[in-house]
Structure formats: structure tokens, C-alpha cells
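Here is how the chains run, residue by residue.
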Amino acid sequence: MSITVNGPVRTAPPRLAIGGALARFALIGVILAAVLGIYAYLGGWLTPHELTPSRFVDGFEQVAGVHPGFRRNHAKGLGASGFFDSNGNGVRLSKAAVFRPGRVPVIGRFSLGGGQPDAADAPNAVRGLGLQFSPADGELWRTAMINRPVFPVRTPEAFYEQLLASKPDPKTGKPDPAAMPAFLKRHPESVAANKVIEGEPVSSGFENSRFYGLNAFRFTNAAGETIPVRWLMRPELPFEAAAAPGDKNYLFDALITAMHREHALRWHLRVIIGQPGDPTNDATIPWPEEREQVDVGTLTLDRVESEETSAATDINFDPLVLPDGIAPSDDPLLSARSAVYSQSYTRRAGETKTPSAITPADVRKGE
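In this report, the structure presented in the accompanying data block is examined. Note on numbering: residues in each chain are counted from 1, in written sequence order. For this predicted model, a pLDDT threshold of at least 70 governs which residues receive local features, and a threshold of 80 or more governs which side-chain atom pairs are given and counted, while totals over whole chains, interfaces and linings are taken from all residues. Computation of side-chain values covers all heavy atoms of the structure but excludes hydrogens and water.

Examining the overall build of the protein
Quick reminder of the rule: Secondary structure is summarised from DSSP: a helix means a run of H or I of at least four residues, a strand means a run of E of at least two, and numbering begins at the N terminus for each. Type-normalised accessible area, obtained with a 1.4 Å probe on protein chains alone, sets the label of each residue: buried when under 20%, exposed when over 50%, and partly exposed for intermediate values. Working rule for contacts: check all heavy atoms of both residues, and any pair within 4.5 Å makes them a contact. The protein chains shown are the only cover counted for residues, whose accessible areas, like all others here, come from Shrake-Rupley with a 1.4 Å probe.
Per the secondary structure count, the protein includes eight helices and twelve strands. By residue count, 46% of the 367 residues in the protein fall in the buried class. Look at the contacts in the protein between residues 6 or more apart in sequence, and 75% of them connect residues 24 or more apart. Just so you have it, the protein exposes about 18400 Å², and 58% of that area is on carbon and sulfur atoms.

Listed below in C-alpha cells is the structure:
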């Protein structure tokens, strides 16, 4: 090997060449070891007691069983599509294109909490609404909301504890009756959050439910000003109190009927402006009711589809898919949700899915 340094050609000593090669091989070995170490950590191989995304999803499967092809949480669902009409009021809060005046296509999914895709509908079941906004600039915004004003846990670890507390005993088919009280004793913040949740009246169906973003985020406008925010979707249909449950799919049947009757269902996106002292890292604590709420536009969903035909079926409603102008807060649940959703998506994407509880024929009823 020879090198030129502004002068005559010089021959490098053989041992220097060999030493350089050995050094490069050693560096490659270090890099490979680091990469393998990262994969081992994420898989939980080297840290058997650490809470990893894989272990978290395993927890959902322990509680609800394995249902190939379905989401490990919010397994039962119905696709939807429509658009968002921004009124321009959000421009002063965020530079995200979705808030500029105009219309943006939306794909959505209504769902029930839990990992059983054929679970019976119930008034107190957690109702979900996932949305993907697709502005013309190509920057997607995804949000996954539920009909609860706060979240019942503060950290990923507490969420996992609560999940396992609801795991059925193989002998009885029911959770250990002492497990949930023990969890709540260790987590007084969850007791306080449950009181807030219980104080929120439950509506009769998806179509007149409020849906809350729960976690705090940060909006940054064109002037570089950043504020903490939360958001909610407020329905245009009037509130009706939940009644006794009907048949197995009565909530979804009512949603389909309402869509056919109204031809479109609408919600107003309201952004809640946080103030100094409002917690951004704790989704169990509600912000004061007097906080400013800005109506930034109207969500219109004018079509529902079964998961066999809906584009929403293949969407991972990751809350960290955000456009420029919206950023995550310091809430630890956000990164955990993103990682667990990804793990759930990876598993179901490689599986063969059985038919959904809400069939294409169900969707066509009443057309």
C-alpha cells in the first residue's frame, strides 16, 4: 500500500497496513455488537424484567387472548371517512397545514377498547376514534382519542400493572378480585382519575360521544411561539344518556343507522389552551374548565365501512405521527403508546385475519 503526502511516493510498512485493517474490523465488531444489543434490549432478551413494547403487547394477549390479524387493543372497530373543514382559527396557534382555511381528507376508525374483536357492546365500554388527516403538503396528522376526559393511569408502568390486574384466572375465567383494589391502593392518582371519568355522563352511542385527545401536545405557530394544548371532538348531535345495552353490536348498529339517517356525522375540533402550571406530563389530571377553547374546524364523516373494505384497517393511529407545528409534550405515555401501537401493528400485519364482527352486510343495512 502507498500514500502520497505532498511529495514522493512512500511505501507504508506492512505492519501498519495490518494494524489498520485490524482496527477497522474491531470498529465493525463494536458497531455490530451495539446494534445487536439494541435489538436484544427492545426484545427484552437482556432485560427480562424491563417493560418493553413486546412485553406490553404480550400483556394484552394474556388478558384478551390472541386474535390473529386484529389490533391487540381496540380490536373491534368500524372504518369511516370524510373530511375536515378548517375555519382558520387554528393558524394563530399552529403553523400545521391542517389548520389553514380549507378542506382536508380524513380517514377514521370507531372502536371499542379491549382486545376481543367479537366482544359484546356495552354502555361503559371505552369508545375510541382514530383519525388521519391528510393535508396537500403530505404531512400526515394522526390522533387516537377516547370518550374519557382523562386517562386512568399516569405512566406506562402503571398502565401495564392495571392491564395485568384485569387478567382472567385460568381456573375461574375472571380476574383476581383482589388485584384491582391492590393496584388502586398503589396508585391514588388512578383513584382520582376514575372519579373524574365517572363524573362524565355517558352518551347513548358513538355518534353523540365526545372524544378526547387526553395527552398534552405543543403547538408552534409561524412566529415561533409555542403553547401547551389538549384537544377534543365535540359532536353536533345532541346528548342522549346511555340506556340498557341492546344486542351484541348495538353501538355499531346505531352508528350505522345514524350515518344513513343523517347522511353525515359532525364533530367540532376544539383546542384547549394550557396555562403555566397545567400538567403536560400527567394525563390523569384534567385542566381547569375555564381554560380557553378554540374551535378550529369541523370534522365530517359521511361514510362508514367494515374493516374488510376500509382503508383505516391498515392504518396505525400512532399519536406521534405529527406535522410540523405540532409536537409531543413530556407525557411519558406518548412514546409508550407509539411503541406499543407499532408492535401491535407488526404482529397483526403478518397474520391472517378472520372476518370482523361488523360485516359489509351490516354496514349496508338501512341504506
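Right, picking up where we left off after that structure.
With respect to unusual backbone geometry
Although it is not a glycine, His-74 sits at a positive phi angle of roughly 55°. Within the secondary structure, His-74 is located in the loop between helix 2 (53-64) and strand 3 (76-86). Phi angles above zero are rare outside glycine, and Leu-214 is one such case at about 70°. Tracing the backbone shows Leu-214 in the loop between strand 7 (211-212) and strand 8 (217-220). Take Leu-214: its relative accessible area is 8%, and that puts it in the buried class.

Quick notes on the environment of Gly-65
Relative to the helices and strands, Gly-65 is located in the loop between helix 2 and strand 3. Overall, Gly-65 belongs to the partly exposed group, its relative accessible area being 30%. On a C-alpha basis, the gap between Gly-65 and Gly-115 in space is 7.4 Å, while along the polypeptide they are 50 residues apart.

Comments concerning the packing of helix 4 (residues 179-186) against helix 5 (residues 188-198)
Our working rule: Working convention: axes come from line fits to C-alpha atoms, limited for helices to the stretch in contact. Angles between N-to-C directions cover 0 to 180 degrees. In this scheme, roughly parallel covers angles under 35 degrees and roughly antiparallel covers those over 145, while 65 to 115 is roughly perpendicular and the rest are oblique. Amino acid classes used here: Ala, Val, Leu, Ile, Met, Phe, Trp, Tyr, Cys and Pro are nonpolar; Asp, Glu, Lys and Arg are charged; the rest, including Gly, are polar.
Across the interface, helix 4 lies against helix 5 with an axial gap of 5 Å and an inter-helix angle of 105°. In terms of axis orientation, helix 4 runs roughly perpendicular to helix 5. Across the interface between the two elements, Phe-183, Leu-184, Lys-185 and Arg-186 of helix 4 pack against Pro-188, Ser-190, Val-191 and Asn-194 of helix 5. Taken together, the residues of the contact of helix 4 with helix 5 sort by class into four nonpolar, two polar and two charged.

Worth remembering: the numbers are spatial, not functional.
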